[in-house]
Amino acid sequence: MRPIQFYYIKGRDFFNAGRTSTTIKRHLREKEYPPGVIQRVAIIAYEAEINIVCYTDHGYFFLYFLDDRVRIIVKDRGQGIEDIDLAMQEGFSTASDEIRKLGFGAGMGLANIKKNADRLAIRSVPGVGTVLEIDVLTNSEGRSDSMGTTLREVMDRANLEFLTDGLDIDRELTGGYAGDLLSDVNANSSAGNVWVTVLTHPNVTAVAGLKELAGVIIAGGIRPGADFIEKAYSEKIPILFTEMNAFDVVAMLASLGVTGNS
Amino acid sequence: MKLSEIKKMLNADLIFGEELIDQVEVETAFASDLLSDVLAYSKENALFLTGLTNPQVIRTVEVLDLVGVVFVRGKVPQMETVELAKRKGIPLLRTKCIMFETCGRLYGAGIKASRIMVD
C-alpha cells in the first residue's frame, strides 16, 4: 500500500459516516499495527469523520504511514471553530437536534480525539474551515510530547544541501507551499511553512522573511548566487538546495507528513 | 456468557445473528444513548446496550470491536442499521426491558462493566 492515502468525505451523508474510518481501520490491520494503535487511530478517524459529516459541506483525510507514527491530516470546508479552547472542552457542543438524535453532539468529539492522540494541532478559520493534524505513535502505546517534522529531518531524508550553515532548521514545520510567483506565495503561504521554488532571485528571501517562513528549498538544480545567500542570512531564512525537481520535492515532503495549507 | 443465554434472560427477539449468538461470548457491557461517550469510554469486546437505532450504532461497534447490540425499550432498529449489521456480521437483539432493567439483569448474571469508572 502507498505511504499516503487520500479519502474524500461528503458532508450531511449520515448513512455513510464512519465508512472511511472503518476502511482506515482495515488498512491498519493489514499493515499489522499493534491493536492499541489501530483502536486509537480508528476512534480518532471516526470522531473526525462525524465532525465533517455533521458540520461541513465536505472534507478529506490524508493518512500517512510514517516511520514511527500514523499521521492523519483532516481538512474541511465548513463553518470553522470560533473558539478552539471552548470546543476542546468536554460537553461543549453546537450540534443540532438532528445530530443529537443520532447519538452525537455530546461535546466529546475533539476531546476524544485529543485523548487518543500523541499530538494534535488545530487550525481553524471561522467561515472557511478547519485543519486537524493528528499523530499516533506506533512504536509505543504511551503518549509523548512528540514534535512534527522539522527542516532538518527533511534535509536528512532527501540529502538536501544546506546553504546557510548556522541558521535554525529545528523548528516544527506548519506545512508547505510551492510556487514560483512571489505575489502568490506572499498571498497564500503561512508562517512556519517551508517554501519550495525554482526561483533564485534574492527577493525570495525577502518574501520568506516577511511571511516568517521556516525556510526555502530551491529545487530544480539552479544554484542561487552569493547575493541570495547574503540576503538569506540577513533575513535569517534557512536555504536548502537540491537537484530534484519541485514536484519530487513536494512528494518527498508529503511522505514526511508535511502538507499544504488549503 | 453466551449471547444466546442473554437473549433468554432479556426475553429478547433476535433481529440478526442466528449463527452467531451461540459463538459470541460476553463478559462486559456498555450502556449508553450517546455514541460519543461509547467512543470515549467503552473498551473492546463489550456488548452494547442502547436505545439508538441508526446505522451509526453499527459503525461505532465496528470502530471499537464491540461484540453485539441489544436495543432496549423495545426500539426497532432502522432497516439500514440491520442491513449494515448483516454485512458486518454483528448480532442484534431487541428487548422490551428499559435500560435500567437490562443492565440489572446482566449485572446480576455476572456481566461486568466495560469500564468501572470514568476519570
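It should be noted that the structure appears before, not after, this text.
Remember, it's a predicted structure, so these values are computed and weren't measured experimentally. (Residues numbered from 1 in each chain as written. Chains lettered and ligands numbered in written order. Predicted model: local features only at pLDDT ≥ 70, side-chain atom pairs only at ≥ 80, totals over all residues. Heavy atoms only, no water.)

**Description of the overall build of chain A**
To keep things clear, this is the line we draw: Numbered from the N terminus, helices here are DSSP runs of H or I no shorter than four residues, and strands are runs of E no shorter than two. We take the radius of gyration over the C-alpha atoms and set the globule estimate at 2.2 Å times the residue count to the 0.38 power. Residue contacts follow a heavy-atom distance rule, with two residues in contact if any of their heavy atoms lie within 4.5 Å. Where accessible areas are quoted, they stem from the Shrake-Rupley method and a 1.4 Å probe; at the residue level, only the protein chains shown are allowed to cover. This count recognises Lys and Arg as positive and Asp and Glu as negative, with His and chain-terminal groups excluded. The atom standing in for a charge is NZ when the residue is Lys, CZ when it is Arg, CG when it is Asp and CD when it is Glu.
When its secondary structure is counted, chain A shows 10 helices and 10 strands. Its C-alpha atoms give chain A a radius of gyration of 20 Å, within 12% of the compact-globule value 18 Å for 262 residues. Each of the three principal axes of chain A carries a C-alpha extent, and together these read 65 × 40 × 30 Å. Taking as baseline every contact in chain A between residues at least 6 positions apart, the subset at least 24 positions apart corresponds to 60%. Split by element, the accessible area of chain A, about 11700 Å² in all, is 51% carbon and sulfur. Each charge class in chain A can be summarised by its mean position, and for the 27 positive and 35 negative side chains these summaries are 6 Å apart.

**What about the environment of Thr197 of chain A?**
All names here are of chain A. Examined against the element boundaries, Thr197 turns out to sit in strand S8 (residues 193–197). In sequence terms Thr197 and Asn245 are 48 residues apart; their C-alpha atoms lie 9.3 Å from each other. In this structure Thr197 touches Gly179, Asp180, Val204, Val216, Ile217, Ile218 and Ala219, once residues within four positions along its chain are discounted.

**Notes on the pairing of strand S9 (residues 215–218) of chain A**
Residues and elements named next belong to chain A. We count it as follows: Burial here depends on accessible area, computed with a 1.4 Å probe over protein chains only, as a share of the maximum for the residue type. Under 20% is buried, over 50% is exposed, and the range in between is partly exposed. A pair of strands is treated as paired once DSSP finds two or more bridges between them. By convention, orient the strands away from the viewer: a clockwise path from the first strand over the helix to the second makes the crossover right-handed.
Residues Gly215 and Ile217 line one face of S9 and the alternating positions Val216 and Ile218 line the opposite face, and both faces are buried. Sheet topology places S8 next to S9; four bridges connect them, and they run parallel. Looking at S9, one finds that Trp195 is bridged to Val216. For the segment spanning S8, helix H8 (residues 203–210) and S9, crossover handedness is right-handed. Two elements, S9 and strand S10 (residues 239–241), share three bridges in a ladder whose sense is parallel. Within the sheet, the bridge partner assigned to Ile217 lies in S10 and is Leu240.

**Section: the nonpolar core**
Spelled out, the test is: Among the buried residues, those of types Ala, Val, Leu, Ile, Met, Phe, Trp, Tyr and Cys that are joined through side-chain atoms within 4.5 Å form a nonpolar core.
Judged by nonpolar contacts, the single largest core of 64 residues is most densely connected at Phe61 of chain A together with Val69 of chain B. Ranked by the residues each element gives to this core, the list is headed by helix H2 (residues 35–55) of chain A, at 13 residues. Grouped together as the second largest cluster of nonpolar side chains are 18 residues, Val154, Leu160, Ala214 and Leu256 of chain A included.

**Things to note about the state of the cysteines**
What counts is decided by this rule: Criterion for a disulfide: a pair of cysteine sulfur atoms at a distance within 2.5 Å.
The final tally for this structure, using the stated rule, is zero disulfides over all chains. Considering cysteine sulfurs only, Cys97 of chain B is the nearest to Cys103 of chain B, which forms no disulfide, with 10 Å between them.

**Overview of the packing of helix H1 (residues 19–30) of chain A against helix H3 (residues 56–64) of chain B**
The axes of two packed helices give the description: the angle between them and the distance between them. Operational definition: Between the N-to-C directions of two axes lies an angle of 0 to 180 degrees, each axis being a line fitted to C-alpha atoms and, for a helix, fitted only over the stretch in contact. Just so you know how the angles are binned, under 35 degrees is roughly parallel, over 145 roughly antiparallel, 65 to 115 roughly perpendicular, and the rest oblique. In this scheme the handedness of a crossing depends on how the near helix is turned from the far one: anticlockwise by less than a right angle means left-handed, clockwise means right-handed.
Contact pair H1 of chain A / H3 of chain B: the axes reach a minimum separation of 10 Å and the direction vectors enclose 20 degrees. Relative to H3 of chain B, H1 of chain A is oriented roughly parallel. Viewed along their axes, H1 of chain A and H3 of chain B form a crossing whose handedness is left-handed. Contact with H1 of chain A, carried on its side by Arg19, Thr22 and Lys25 of chain A, involves Arg59, Glu62, Val63 and Leu64 of chain B of H3 of chain B and no other residues of that element.

**Some remarks on the sheet that holds S10 of chain A**
All names here are of chain A. On the basis of which strands lie adjacent, the open sheet formed by five strands has the order S6-S10-S9-S8-S7 and mixed pairing. Two strands lie at the open edges of the sheet, namely strand S6 (161–162) and strand S7 (175–178), each paired on one side alone. With four bridges joining them, S7 and S8 adopt parallel strand pairing. Bridge pairing in S8 links Gly175 to Asn193. Relative to S8, H8 is tilted by about 160 degrees, and along the sheet it contacts S8, S9 and S10.

**Description of the interface of chain A and chain B**
Note the threshold: Buried area is calculated as the accessible area (1.4 Å probe) missing from two parts once they are joined, with the contributions of both summed. By definition here, a salt bridge exists when the distance from a side-chain nitrogen of Lys or Arg to a carboxyl oxygen of Asp or Glu is within 4 Å. Residues adjacent in sequence count toward polar contacts only when both atoms are side-chain atoms; beyond that, a polar contact is any pair of N or O atoms within 3.5 Å, and within protein one must be able to donate a hydrogen and the other to accept it. Amino acids outside the nonpolar list (Ala, Val, Leu, Ile, Met, Phe, Trp, Tyr, Cys, Pro) and the charged list (Asp, Glu, Lys, Arg) are all regarded as polar, and Gly is one of them.
Taken together, the 25 residues of chain A in the interface contact 20 residues of chain B. When chain A packs against chain B, close to 1900 Å² is buried across both sides, 53% of that on carbon and sulfur atoms. Its largest share of buried area at the contact with chain B, chain A owes to Phe15, Thr22 and Tyr46 of chain A, together 28% of the area lost on that side. One can count two salt bridges joining chain A with chain B. When the shortest N-O distance is used, the salt bridge between Lys25 of chain A and Asp65 of chain B registers 3.2 Å. Connecting chain A to chain B are 13 residue pairs in polar contact (both at pLDDT 80 or more). Secondary-structure elements contributing two or more residues to the side of chain A that touches chain B are H1, H2 and helix H5 (109–116) of chain A. Of the residues forming the side of chain A that touches chain B, the biggest block, six residues, is contributed by H2 of chain A. Here the residues of the side of chain A that touches chain B are counted per class, giving 11 nonpolar, seven polar and seven charged.

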